[in-house]
Amino acid sequence: MALSLGMKNSNKTLIQMKSKVGLLSLIKQSSCTCSMNSHYSKTPLTAAPFTRAFKSPDSNFRFSPSLFLARRFESIKAGKQLDSFGSSVNNQFLDFPGGRVAFTPNMRFISESSEERIPCYRVLDDDGQPFPDSSFVKVSEGVAIKMYNDMVTLQTMDTIFYEAQRQGRISFYLTTSGEEAINIASAAAIKNDDFVVPQYREPGVLLWRGFSMQEFANQCFGNKADYGKGRQMPIHYGSNKHNYFTVSSTIATQLPHAVGAAYALKMDRKDACAVTYFGDGGTSEGDFHAALNFSAVTEAPVIFICRNNGWAISTPISDQFRSDGAVVKGRAYGVRSIRVDGNDALAIYSAVHAAREMAIGEGRPMLIEALTYRVGHHTTSDDSTKYRAVDEIEWWRTTQDPVTRFRKWIESNGWWNGDIESELRSSVRKQILHALQEAEKAEKPPISDLFTDVYDVSPSNLREQEHSLRETIKKHPQDYPSNVPI
């Protein structure tokens, strides 16, 4: 009798648990990964039709909160037994959490890869001309000109700051050469209220949002005006004002943070999302997988943008994974995904714009894999010619340059010409050189700043360390910078 009572209570408990816990049901996504042309009207499109089409990749699925919740919990109903079986015509199935699973008498393993690679969405050809029948979000003349201005500014800033490092004026630098379109076009497609959680190769997003050349220079020189008070390496930018989280060198740790930030936005019912960036090497980190699963389960409005530039420092993608890039990993976690030409500013802009609409409007994470190429060295500490052919680098630099391609497009629209180009590059170069000179001669943060901003009241061990440092500097002044206030 006791055994019978225990079994009865166990069944009751199981039923109660099943009525309260549900797994996200599988949503048909096959059309999300194919060419976007089948879902959009002809070129150009306004934002609304483009977004509506992308929101409904399957004609049988129309999103509404009540419908989505019903689908999510359709297989977890009070009174159902976990091992219940049913039949529909000639097939048997298991009513399992997440949806019905059909049985088959055939032993068939899922292939490790599809026969064909996931196609790459592209709008502009190598000559900057839209493909026939290409579909993209319409970009106004004003936005297009600002996009190009910022791409040129980013390119010029990288050149000058890189040279400054080589001259020994700053300790470290990292360029975005070849990836300017991903930086600027993605920034143009999101809103300033959206949180940006960067890796370290996305200063263009901050530039788009209004971070000045002087602010960039101040950070790289670590002077008194640096928001990080000189505590960070160069290029580790951050700005509360611009909703741009401070860069951290550790790979992929920012991804779970972005999901948490996105979930907070969702809980606060904000009309905003989180956007986070990472390289192909980041997909080999556990944080990447945890973040995708976390985002799917919590239905967080976050956009993951993978800059697949072919190389994780010296590790080629052939040694990084056996899957078809990063885009296929999204589906495994229930994340809608797309592959985009990362050197095509219009394609990036359109894809990110649509992804943002879906992330916020439908309450879902999105994954964008942008195929591009790191033309420069990984950092100033790297010599990429040791592991890449010079001819390979040169081909990408000359034939696939995203800045040149976008310039050809705005020129074909009559929005740009050679005279404006010369004036822009000359003006930008002067501004950057001036910012560099001002930052270089600015006073450094005082030694005391090394020990502040963590505790309200400094603990005894930190006070001891500060005293010890000051005494050491007094004894060995020749070993310490003379321009750092004691």
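Residues numbered from 1 in each chain as written. Predicted model: local features only at pLDDT ≥ 70, side-chain atom pairs only at ≥ 80, totals over all residues. Heavy atoms only, no water.

S.K.: Help me understand the overall build of the chain in this model?
M.R.: Along its length, the chain carries 15 helices and 10 strands. By residue count, 47% of the 486 residues in the chain fall in the buried class. A fraction of 73% describes how many contacts in the chain between residues 6 or more apart in sequence connect residues 24 or more apart. Summed over all atoms, the accessible surface of the chain reaches about 24600 Å², with 53% contributed by carbon and sulfur. (Helix = DSSP H or I, 4+ residues; strand = E, 2+ residues; numbered from the N terminus. Buried < 20%, exposed > 50% of the residue type's maximum accessible area, 1.4 Å probe, protein only. Contact = heavy atoms within 4.5 Å. Areas by Shrake-Rupley, 256 points an atom, 1.4 Å probe, with all protein chains shown as cover.)

S.K.: I keep staring at helix α4 (residues 141-166) and nothing clicks. Help me out?
M.R.: The first and last C-alpha atoms of α4 sit 38 Å apart over 26 residues, in line with the 38 Å expected at 1.5 Å per residue. A positive phi of about 85° marks glycine 168, the residue just after α4. (Expected span 1.5 Å × (residues − 1).)

S.K.: Explain the pairing of strand β5 (residues 274-279) to me, please; I cannot follow it from the model alone.
M.R.: Within a regular strand, side chains alternate between the sheet's two faces. Most of β5 is tucked away, with 6 of its 6 residues classed as buried. Neither face of β5 is left uncovered, since the one carrying Ala274, Thr276 and Phe278 and the one carrying Val275, Tyr277 and Gly279 both have all their residues buried. Of the pairings in the sheet, the one linking strand β4 (residues 195-197) to β5 comprises 3 bridges and is parallel in character. By the bridge assignment for β5, valine 197 is matched with threonine 276. Handedness of the crossover is the feature at issue here: the chain leaves β5, passes through helix α9 (residues 286-298), returns alongside strand β6 (residues 302-308), and the resulting connection is right-handed. (Pairing = 2+ DSSP bridges. Right-handed = clockwise from strand over helix to strand, strands pointing away.)

S.K.: Could you clarify how one ought to interpret the sheet that holds strand β9 (residues 336-341) in this entry?
M.R.: To summarise the sheet geometry, strands pair through backbone hydrogen bonds and adopt either a parallel or an antiparallel arrangement. Overall, parallel pairing links the 5 strands, which are arranged β4-β5-β6-β10-β9 in an open sheet. Lying at the two open borders of the sheet, with one neighbouring strand each, are β4 and β9. Neighbour-to-neighbour, the strand axes of this sheet turn through a mean angle of 20°, independent of strand direction. Sheet topology places β9 next to strand β10 (residues 366-371); 6 bridges connect them, and they run parallel. Among the inter-strand pairings, serine 337 is bridged to a residue of β10, identified as leucine 367. Along the sheet, helix α5 (residues 180-189) contacts β5, β6 and β10; its crossing angle with β6, the most-contacted strand, is approximately 165°. Along the sheet face, helix α8 (residues 254-267) touches β4, β5 and β6 and points at about 170° away from the line of β5. (Axes fitted to C-alpha atoms, helices over the stretch in contact; angles between N-to-C directions.)

S.K.: Just checking my understanding: could you explain unusual backbone geometry for this structure?
M.R.: Outside of glycine, negative phi angles account for most residues, and trans bonds account for most peptide bonds. Unusually for a residue other than glycine, aspartate 133 sits at a positive phi of about 65°. Along the chain, aspartate 133 turns up in the loop between β3 (99-102) and α4. In the Ramachandran plot, asparagine 243 falls in the positive-phi region, its phi being about 50° despite a non-glycine side chain. Relative to the helices and strands, asparagine 243 is located in the loop between α7 (213-221) and α8. A residue is classified by how much of its surface remains accessible, and asparagine 243, at 21% relative accessible area, is partly exposed.

S.K.: Just to check I follow, could you spell out the pattern of salt bridges for this structure?
M.R.: Oppositely charged side chains may form a pair once their charged atoms are brought near each other. What the rule picks out here adds up to 26 salt bridges. Between aspartate 126 and arginine 122 there is a salt bridge, and its shortest N-O distance comes to 2.4 Å. Classification of aspartate 126 by relative accessible area gives partly exposed; the value is 34%. Note that aspartate 341 and arginine 405 form a salt bridge whose closest N and O atoms lie 3.0 Å from each other. Note that aspartate 341 is positioned in strand β9 and arginine 405 in helix α13 (residues 402-412), a separation of 64 residues in sequence. The burial state of aspartate 341 is the same as that of arginine 405; both residues are buried. Ionic contacts of the salt-bridge type, sharing partners, join the residues Arg117, Asp324, Arg339 and Glu369 into one network. (Salt bridge = Lys/Arg side-chain N within 4 Å of Asp/Glu carboxyl O.)

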